[in-house]
Amino acid sequence: PHPTLALAEGVQQQRQLLGSQRAAAQRAAAEWRQTPFSRRRLFLRTLHKYVLAHQRDICRVSARDSGKTQLEAVLGEIIVTCEKLRWLCTSEAER
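Student: Quick rundown of the overall build of the chain? Include the residues and the values.
Tutor: Assigned secondary structure in the chain consists of four helices and zero strands. The N-to-C order of helical and strand elements in the chain reads α-α-α-α. Here the C-alpha radius of gyration of the chain, 19 Å, is well above what a compact globule of 95 residues would show, namely 12 Å. Dimensions along the principal axes, computed over C-alpha positions, put the chain at roughly 55 × 40 × 20 Å. Residues classed as buried in the chain amount to 14% of the 95 residues present. For the chain, the share of sequence-separated contacts (at least 6 apart) that also reach a separation of at least 24 residues comes to 50%. Element-wise, carbon and sulfur atoms account for 58% of the exposed surface of the chain, whose accessible area totals about 7,700 Å². When the 16 basic and 9 acidic side-chain charges of the chain are each reduced to a single mean position, those positions are 5 Å apart.

Right, dumping it as structure tokens:
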């Protein structure tokens, strides 16, 4: 096929993929809204443990992809994420 036609087909495929991903995200968000806070808190605590357990990998990828130093990755990715998760798990976030 002509390069322009191939490009147009690729763009159309990407639009379809994006549309299906958007629909899946909307379904997940609707389900999350219905999830009791106690269950959300359990998930967030599990996520927090995962971030801490894998912080070296997260920092390595962050440094590689963004050009950050390891220290910048710890300060900008790990600490910020863990603090946000901690805050979300408090009763204040329940409101």
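Anyway, onward from the coordinates.
Student: Describe the nonpolar core, listing the residues and the values that go with them.
Tutor: Core analysis: the biggest nonpolar cluster contains five residues, these being Val 51, Cys 59, Ala 73, Ile 78 and Cys 82. With three residues, the single largest contributor to this core is helix α4 (residues 70-88). What Cys 82 contacts, discounting residues up to four positions off in sequence, is His 48, Val 51 and Leu 52.

Student: I'd like a description of the pattern of salt bridges, backed by residues and values.
Tutor: Tallied over the full model, the rule gives four salt bridges. When the shortest N-O distance is used, the salt bridge between Arg 60 and Asp 57 registers 3.5 Å. Within this pair, Arg 60 and its partner Asp 57 are both found in helix α3 (residues 55-66), separated by three residues, close to a single helical turn. Residue Arg 60 is classed as partly exposed on the basis of its relative accessible area of 45%. Take Asp 57: its relative accessible area is 39%, and that puts it in the partly exposed class. We note a salt bridge from Lys 68 to Glu 77, for which the minimum N-O separation is 2.5 Å. Assessed through its relative accessible area of 26%, Lys 68 is described here as partly exposed.

Cut-offs and rules
- Residues numbered from 1 in each chain as written.
- Predicted model: local features only at pLDDT ≥ 70, side-chain atom pairs only at ≥ 80, totals over all residues.
- Heavy atoms only, no water.
- Helix = DSSP H or I, 4+ residues; strand = E, 2+ residues; numbered from the N terminus.
- Rg over C-alpha atoms; globule rule 2.2 N^0.38 Å.
- Buried < 20%, exposed > 50% of the residue type's maximum accessible area, 1.4 Å probe, protein only.
- Contact = heavy atoms within 4.5 Å.
- Areas by Shrake-Rupley, 256 points an atom, 1.4 Å probe, with all protein chains shown as cover.
- Lys, Arg positive; Asp, Glu negative; His and termini not counted.
- Charge placed at Lys NZ, Arg CZ, Asp CG, Glu CD.
- Core = buried A, V, L, I, M, F, W, Y, C linked by side-chain atoms within 4.5 Å.
- Salt bridge = Lys/Arg side-chain N within 4 Å of Asp/Glu carboxyl O.

Without other data, these values stay purely geometric and don't point to any function.
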